[in-house]
Each structure stands twice: as structure tokens, then as C-alpha cells.
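Fold and geometry: a report
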Amino acid sequence: MRSDRLYFWIITVLLIIFMDLTALSAEGQQSRPVVRVSSPGLDTVYSTPFRLAQDLGAYQGEGLDVQILPGVKTGPSVQMLVAGSVEATQTVGTTTLAAILHGAPLKVVMVFNDKPSYWLYSKKSVQTFAELKGAKIASSTPGSTNDRLLKVVLEKNGVNWRKDLQIIYTGTSDVRIKALLSGAVDAAVLTLPGNLVADDAGFKQLMSFENEAGALTGGVATAEPFMSKRRDVLVKFLRATLRGLKYFKTNREGSAKSMAKYMNIPFETALRTYDTAIPVFVSNGMISKDFQDKVLDFELKAIGSDKKIPRDKYFDFSIMKSLSTNR
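Residues numbered from 1 in each chain as written. Predicted model: local features only at pLDDT ≥ 70, side-chain atom pairs only at ≥ 80, totals over all residues. Heavy atoms only, no water.

**Topic: the overall build of the chain**
- Broken down by element type, the chain carries 14 helices and 10 strands.
- Relative to a compact globule of 327 residues, whose C-alpha radius of gyration would be 20 Å, the chain shows 19 Å and is just as compact.
- With respect to the principal axes defined by its C-alpha atoms, the chain has extents near 60 × 50 × 40 Å.
- Evaluated residue by residue, the chain yields a buried proportion of 54% over its 327 residues.
- Within the chain, residue pairs in contact and separated by at least 24 positions form 78% of the contacts whose partners lie at least 6 positions apart.
- When the accessible surface of the chain is split by element, carbon and sulfur atoms take 53% of a total near 14400 Å². (Helix = DSSP H or I, 4+ residues; strand = E, 2+ residues; numbered from the N terminus. Rg over C-alpha atoms; globule rule 2.2 N^0.38 Å. Buried < 20%, exposed > 50% of the residue type's maximum accessible area, 1.4 Å probe, protein only. Contact = heavy atoms within 4.5 Å. Areas by Shrake-Rupley, 256 points an atom, 1.4 Å probe, with all protein chains shown as cover.)

So, in C-alpha cells, the structure goes:
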């Protein structure tokens, strides 16, 4: 644990040196407050509220210059947040909690979903969990939300993931679906729209993770300095993002057009993606205290920690509550 903590802070310092000065210089050249948002992977359905807020002019209407940075992996995304190279990140899961446990002053201030949206698909010859023994399964990164969910599901179905099969860490969902389609792996944990591609190609859906333990796949995490020293900017940013989230919940065609553009998928696929995703998204940017407890329990187990931390160490929905009250 000590070496992990040292590694975390070394990477953070390096990010401060190589990225923060450039980012601060860029902000100084802007007339409007800049809010940089890192997003893991390429654009997905879980980053759609940001993109919709952008397209609707909500950020501009709040007087903000919001810069969405897609393609940043979860670990570097959180390290950039700690370093101050970004003001916010879409990464709100286990990596964020691990940083908090290491002493990073981070908080999750908005969430997009109250159910996990991952699916386990296998090749046509694998029809049951028992037939996964000896298989290669594609996951994202060790300890990530979908990786932890995969291991929970395997254990529940009598498969020892340490001995019975091999988990291959391939990164983002688009890489995992390619690995499945090519036959490089026997099964893969997929997100939208990869699961729809697998359906169309005739692969077997072994399990939907929707009813598994609490897991977050999108939202907003930020650092304490932004919350305290630039709170007015954070309020504007969250108000505009909430507008994007509400639009997503209520406008199917408009949301699908945005997803088709940013995710580079056909409009019909975007509509199917929307229909599959919408039940797991919340409309007010918050989750109940009971679900907060489930998230903490799940994520602490995911990172192998036996600690117990209070909700307010991880979540701070004070701004979202205020926005909901004043709407």
C-alpha cells in the first residue's frame, strides 16, 4: 500500500510539471473561465450529457469555456484532476475513491446513473458460465468498475476467475468488442454500443450487470480547490451539465443525433443505444443515500480495502441539491 501511494504521488507531481503550466497558460489567454473535463476513453453514451450541454449552448450561456478532453484513461484522468491540469473528470468510480483514500482532496459532485450498464458476451460456442473455464475474457483495466463486476458475476456463477480462466486487459470497450469479433478472446465485458454490435453479430449475452451491486459509470468529480476557491464557476458548470442531462432524459431524437456525431455511429444505432441506456440514467444528478452506501461498499471491496468511510468523504451533492431546489 505504501509503494502504491508513493507511485500515485510521483505520477501526480510529474503531471504538475509537464501539464499544469501549459494548462494554466492556456486559461490565462481566455476571456471566459475555462473548465477542462477529462473523459475516459473516446466519447460514449456516458459523456453525452457534457456534449449535449455543449451543443445546446448551455456552457456558453453560463459564460464558460468548457473543454472536453476525451481519450484519457481512468488513472491519468484522476491524476490530472489532483494535479490541477483539469477542473473536473467524468471518472467517478473506484480510481477516484482510491485517490481519496490516498489523501487526495476529491469529491464526486454529480452522477449520471444509478445502475451499472455493462454486459458479458461470449462467442457462440460458449452458452453457459461453466463453458467459460479455460476461456480468455477481455476486461478494461485491473480494479476498474467493469473488472470488479466481472469478477463478482463469475464468482456468483461458480467460476473461479483466478484459476479457471484468463482475464485479458485490453482497455476501452471499442477495443474489447474488436477482440471479441476477431476471435482473439472468447468473451468480453461490453458497454454501449458494443453490446448492440455483439447482439447483431450473434454473440451470446451471458449476463447483464444492471442488477449487480452499486457502480457508477459517469458523472463529475472535482477537487477541493475548485469547490472552495472557484465555487461560482463550478455552480455554473454543474447547472449547464444538468441541463444536458435533463435534455438527454427527455429528448430521444436530439440525444441520438448528438451521440451519432460524437460517437461516430449510425443514427439508428444511436437510437438503440439511447433506448438501452436511458433506464440507468438519473434526471437530477444525484443518487439516494442507500445507493451511495452500496457504491462505497462495492468500490471499497473492488480496491481491496477494509476501510469504512462516511458518505461525505466521497460525495458532495450540496450544489446539485441547490440547483434542484432553485430550478
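Next comes the rest of the description.
**Things to note about the pairing of strand E8 (residues 187-190)**
- Both faces of E8 are covered, namely the face carrying Ala187 and Val189 and the face carrying Ala188 and Leu190.
- Here strand E5 (residues 119-122) runs beside E8; their pairing, made up of four bridges, is antiparallel. Bridging across to E8, Ser122 finds its partner in Ala187.
- Sheet analysis places strand E6 (residues 136-139) next to E8, joined by two bridges and oriented parallel. Residue Ala138 lies in a different strand from E8, and its bridge partner there is Ala188. (Pairing = 2+ DSSP bridges.)

**Looking at the pattern of salt bridges**
- A complete count under the given rule lists 11 salt bridges for this structure.
- Arg230 is paired through a salt bridge with Glu87; the nearest N and O atoms lie 3.8 Å apart. Taken as a pair, Arg230 in the loop between helix H9 (224-229) and helix H10 (231-250) and Glu87 in the loop between helix H4 (74-83) and strand E3 (88-89) lie far apart in primary sequence, 143 residues in all.
- A salt bridge links Asp275 to Arg252; the shortest N-O distance between them is 2.8 Å. Of this pair, Asp275 sits in helix H12 (residues 267-277) while Arg252 sits in helix H11 (residues 252-263), placing them 23 residues apart in sequence.
- Here the salt bridges do not stand alone but share partners, grouping Arg36, Glu87 and Arg230 into one network. (Salt bridge = Lys/Arg side-chain N within 4 Å of Asp/Glu carboxyl O.)

**A few points about unusual backbone geometry**
- A cis amide bond links Leu192 with the next residue in sequence, Pro193, at an omega value of 0 degrees.
- Secondary-structure assignment places Pro193 in the loop between E8 and helix H8 (194-200).
- Here the phi dihedral of Asn264 falls at roughly 60 degrees; this positive angle occurs in a residue that is not glycine.
- Its place among the elements puts Asn264 in the loop between H11 and H12.
- Take Asn264: its relative accessible area is 70%, and that puts it in the exposed class.

**Focus on the environment of Ser182**
- Relative to the helices and strands, Ser182 is located in helix H7 (residues 173-182).
- For Ser182, a relative accessible area of 56% puts it in the exposed group.
- At 3.3 Å, the side chain of Ser182 and the backbone nitrogen of Ala184 are in polar contact. (Polar contact = N/O pair within 3.5 Å; in protein donor to acceptor, adjacent residues only side chain to side chain.)

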